Amino acid sequence: MATILVVDDKDMMRDSLSLALARAGHKAVTTADPSEALGLVRQHRPSCVITDLKMPKMDGIELLQRIRAEHPDTPVILMTAFATISTAVQAIRLGAFDYVQKPFEAEEIQVVVERAVEHGKLVAENQAFRANAEATPPKVLVGDGRPMQEVQERIRQVAASSSATVLISGESGTGKENVAQVIHSQSARAGHPMICLNCAALPANLLESELFGHEKGAFTGADKLRKGRFELADHSTLLLDEISEIDLGTQAKLLRVLQERAFERVGGNVTQNVDVRVIATTNRNLLDWVKQGKFREDLFYRLNVVPIVLPPLRDRVVDLPLLCEHFLARIAARDGRPQRRFEPAALDLLQKYHWPGNVRELENICERSVVLENGEMLRAATISPWIATIGVSAPAIHDFAVGMQAGEAGIGGGVLEELERRTILKVLEKHNGHRLRTSRELGIGLRTLGMKLKKLKDEGVLVES
Ligand SMILES: Nc1ncnc2c1ncn2[C@@H]1O[C@H](COP(=O)(O)OP(=O)(O)OP(=O)(O)O)[C@@H](O)[C@H]1O
Ligand SMILES: [Mg+2]
């Protein structure tokens, strides 16, 4: 139900309009006096205003202008007995949503009102998107090591071109969305909010209408027109997160938008043209998906115009001190407390960890340390249980993997099993054979550790001293 303000000096007109609106499920607020209208708009925030053109105190055009000045998003519908082309044109030029010519049928005005109400909702939705975008702090890309410098350079180049499609790939938590935000905010499109859609979150049929919108009545449940993300992103950037998850049917439609920047809403036949930069992200190897027939090759090439590959954190541990500094400063600012620091031994430990959750995991560890430590220094002892459960450094894994490829014989079993053996031995050695401490650090129960050690002994790997 929407609230509609009706302004007309004729009692009969106000009454019959109120009735027609009530039948359509809306609530009418009425006044005979146009000079009262602005106050009523302020008070009731109506979804639209219907006003007569000819009224004694103030004519509809003047009222239209006043409403437009104060509430530019409130649609105004004019009623006129003298619908000459020129008044109609003038009204529309001054920002009227539409006009109806008297006498009119109830149905006629109901249709126009529905459209106006719908329009108002879309505007509000857009504003919510905008407000959301403004509320989040500006994104920064921290990291001064070689890999990040290259990414920064790529971002500078791609931000300068305002339409090139970008494909950002990288493991989960490497900062793909972050990079997309930075590209958008450095580009000529920064004045508009970036629109995002997580493609993995929706089933195929919903995804399509989310992307392209749908007309009223396009399918059961489509009780109103809805703009899709492409339309909402007009003049802006559209981030398609986890693009690999799009079904093949929607892939074909996406291909067309990328080629022609044109599409139709679901259930519609009017071609919509949009000016959008698309940024897609993926944490899968899309080329593999192409080979497996899960992703269209032509779409891949359309997306991969400018590729940006975010290296995993384990390959850029040089950035760790700066990243920690960044996160700890942000936490301190948020909590209104002095900034904490990791002691050197803790930083050392962080640099040896292999970071399966990448930057997001680091962010979490910073947060957790601040919560659990009271002093200014964040100690190695505090963080070691969290990161030692895996306990093997990236280089160790790398050396090991290379060794396996080169044919270095394992003791039997797969790569993971061998890694586990080495990890257990390492942690056990660190704790001088103390089983309880070892099991805690490994994050497994004492009994499980006992079983694993027995197996190692049986295999002759472990010799009890
Ligand atoms: N270089 C960086 N500088 C500062 N913050 C970063 C950086 N990289 C990532 N972050 C932060 O780490 C967190 C994870 O980043 P983001 O969400 O962009 O990762 P993602 O690659 O999109 O992850 P997923 O694949 O899980 O969606 C965010 O809070 C982000 O702000
Ligand atoms: Mg993401």
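Right above here is the structure, for reference.
Computed from a predicted structure; not experimentally measured. (Residues numbered from 1 in each chain as written. Chains lettered and ligands numbered in written order. Predicted model: local features only at pLDDT ≥ 70, side-chain atom pairs only at ≥ 80, totals over all residues. Heavy atoms only, no water.)

Regarding the overall build of the protein
Here comes step 1: Each helix and strand counted, the protein has 20 helices and 14 strands in total.
Here comes step 2: Relative to its 465 residues, the protein shows a buried fraction of 44%.
Here comes step 3: Long-range pairs, those at least 24 residues apart, make up 69% of the contacts in the protein with a sequence separation of at least 6.
Here comes step 4: As presented, the protein carries roughly 23,800 Å² of accessible surface, and 52% of it is formed by carbon and sulfur atoms. (Helix = DSSP H or I, 4+ residues; strand = E, 2+ residues; numbered from the N terminus. Buried < 20%, exposed > 50% of the residue type's maximum accessible area, 1.4 Å probe, protein only. Contact = heavy atoms within 4.5 Å. Areas by Shrake-Rupley, 256 points an atom, 1.4 Å probe, with all protein chains shown as cover.)

Points about the site of ligand 1
Here comes step 1: Around ligand 1, 19 residues are found, and the nearest of them are Val-142, Ser-172, Lys-176, Asn-178 and Glu-363.
Here comes step 2: For ligand 1, an oxygen atom lies 2.9 Å from a polar atom in the side chain of Ser-172.
Here comes step 3: Here an oxygen atom of ligand 1 and a side-chain polar atom of Arg-360 are 3.0 Å apart.
Here comes step 4: Taken by itself ligand 1 offers 630 Å² of open surface, and the protein chains cover 87% of this.
Here comes step 5: Its residues placed into classes, the shell around ligand 1 shows seven nonpolar, seven polar and five charged.
Here comes step 6: When we break the shell around ligand 1 down by domain, the ones giving at least three residues each are domain 2 (146-309) and domain 3 (314-387). (Near = heavy atom within 4 Å. Polar contact = N/O pair within 3.5 Å; in protein donor to acceptor, adjacent residues only side chain to side chain. Nonpolar A, V, L, I, M, F, W, Y, C, P; charged D, E, K, R; others polar. Domains from an automatic or database assignment.)

Things to note about the nonpolar core
Here comes step 1: Membership of the largest hydrophobic core comes to 30 residues, with the highest contact counts inside it found for Phe-230, Leu-240, Ile-243, Phe-295 and Leu-303.
Here comes step 2: Broken down by secondary-structure element, the contributors of at least two residues to this core are strand S7 (195-198), helix H8 (204-212), helix H9 (229-232), strand S8 (237-241), helix H10 (248-260), strand S11 (277-282), helix H11 (286-291) and helix H12 (297-303).
Here comes step 3: A per-element tally of this core places H10 first, with four residues.
Here comes step 4: Each residue touching Leu-303, except ones within four places of it in the same chain, is listed here: Thr-165, Val-166, Leu-167, Ile-243, Leu-258, Val-278, Ala-280 and Phe-295. (Core = buried A, V, L, I, M, F, W, Y, C linked by side-chain atoms within 4.5 Å.)

Observations concerning the packing of helix H2 (residues 34-44) against helix H3 (residues 60-70)
Here comes step 1: Look at H2 against H3: their axes get within 10 Å of each other, and the N-to-C directions meet at 25°. Relative to H3, the element H2 lies roughly parallel. In this structure, H2 crosses over H3, and the sense of that crossing is right-handed. Within the contact between the two elements, H2 uses Pro-34, Ala-37, Leu-38, Val-41 and Arg-42 and H3 uses Leu-63, Arg-66, Ile-67 and Glu-70.
Here comes step 2: Each residue belonging to the contact of H2 with H3 can be placed in one class, and the counts come to six nonpolar, no polar and three charged. (Axes fitted to C-alpha atoms, helices over the stretch in contact; angles between N-to-C directions. Parallel < 35°, antiparallel > 145°, perpendicular 65-115°, else oblique. Left-handed = near helix turned anticlockwise from the far one by under 90°.)

Some thoughts on the sheet that holds S7
Here comes step 1: Here five strands make up an open sheet; going across it, the order is S7-S8-S11-S6-S12 and the pairing parallel. The open sheet has two edge strands with one neighbour each: S7 and strand S12 (306-309). Averaged over all adjacent pairs, the angle separating strand axes in this sheet is 15°, with direction ignored.
Here comes step 2: As paired strands, strand S6 (residues 166-169) and S11 are joined by four bridges and run parallel to one another. Paired with Ile-168 across the two strands is Thr-281, which belongs to S11.
Here comes step 3: Docked against the sheet, helix H7 (residues 176-186) engages S6, S8, S11 and S12, running at close to 150° with respect to S6. (Pairing = 2+ DSSP bridges.)

Regarding the packing of aromatic side chains
Here comes step 1: Evaluated as defined, the whole model comprises five aromatic pairs.
Here comes step 2: With a centroid separation of 6.0 Å and an interplanar angle of 45°, the aromatic rings of Phe-230 and Phe-263 are classed as tilted. Of this pair, Phe-230 sits in helix H9 while Phe-263 sits in strand S9 (residues 262-264), and the two are 33 residues apart along the sequence. Take Phe-230 and Phe-263: they sit in the same class, and that class is buried. (Phe/Tyr/Trp six-rings, centres within 6.5 Å; stacked < 30°, edge-to-face > 60°.)

Notes on the pattern of salt bridges
Here comes step 1: This structure, assessed with the given rule, holds 27 salt bridges.
Here comes step 2: Asp-52 serves as the salt-bridge partner of Lys-102, at 2.9 Å between the closest nitrogen and oxygen. With Lys-102 in the loop between strand S5 (98-101) and helix H5 (106-135) and Asp-52 in strand S3 (residues 48-52), the pair connects residues that are 50 residues apart, well separated along the chain.
Here comes step 3: For Asp-52, a relative accessible area of 2% translates into the label buried.
Here comes step 4: Across the pair Glu-264 and Arg-256 runs a salt bridge whose closest N-O atoms are separated by 3.2 Å. (Salt bridge = Lys/Arg side-chain N within 4 Å of Asp/Glu carboxyl O.)

Things to note about the packing of helix H19 (residues 435-442) against helix H20 (residues 446-458)
Here comes step 1: For the pair H19 and H20, the least separation of the axes is 9 Å and the interaxial angle reads 105°. For the element pair H19 / H20, the angle class is roughly perpendicular. Seen from H19, the contacting residues are Arg-435, Leu-436, Thr-438, Ser-439 and Leu-442; seen from H20, they are Leu-446, Leu-449, Gly-450, Leu-453 and Lys-457.

Topic: unusual backbone geometry
Here comes step 1: A cis amide bond links Lys-102 to the next residue, Pro-103, at an omega of -5°.
Here comes step 2: One non-glycine residue, Glu-242, lies in the positive phi region at around 55°.
Here comes step 3: Structurally, Glu-242 can be placed in the loop between S8 and H10.
Here comes step 4: Note on Glu-242: relative accessible area 27%, which makes it partly exposed.
Here comes step 5: A positive phi angle is found at Asn-358, which is not glycine, with a value near 55°.
Here comes step 6: For Asn-358, the position within the fold is in helix H15 (residues 358-372).

Thoughts on H3
Here comes step 1: For H3, every residue scored as buried is listed here: Gly-60, Ile-61, Leu-63, Leu-64 and Ile-67. Along the long axis of H3, the arc covered by the buried residues comes to 160°, so they all point the same way. (Arc of directions from axis to C-beta.)

Focus on the pairing of strand S2 (residues 27-31)
Here comes step 1: As paired strands, strand S1 (residues 3-7) and S2 are joined by five bridges and run parallel to one another. Among the inter-strand pairings, Leu-5 is bridged to a residue of S2, identified as Val-29.
Here comes step 2: The β-α-β motif built from S1, the intervening helix H1 (residues 11-23) and the parallel element S2 has right-handed crossover chirality. (Right-handed = clockwise from strand over helix to strand, strands pointing away.)

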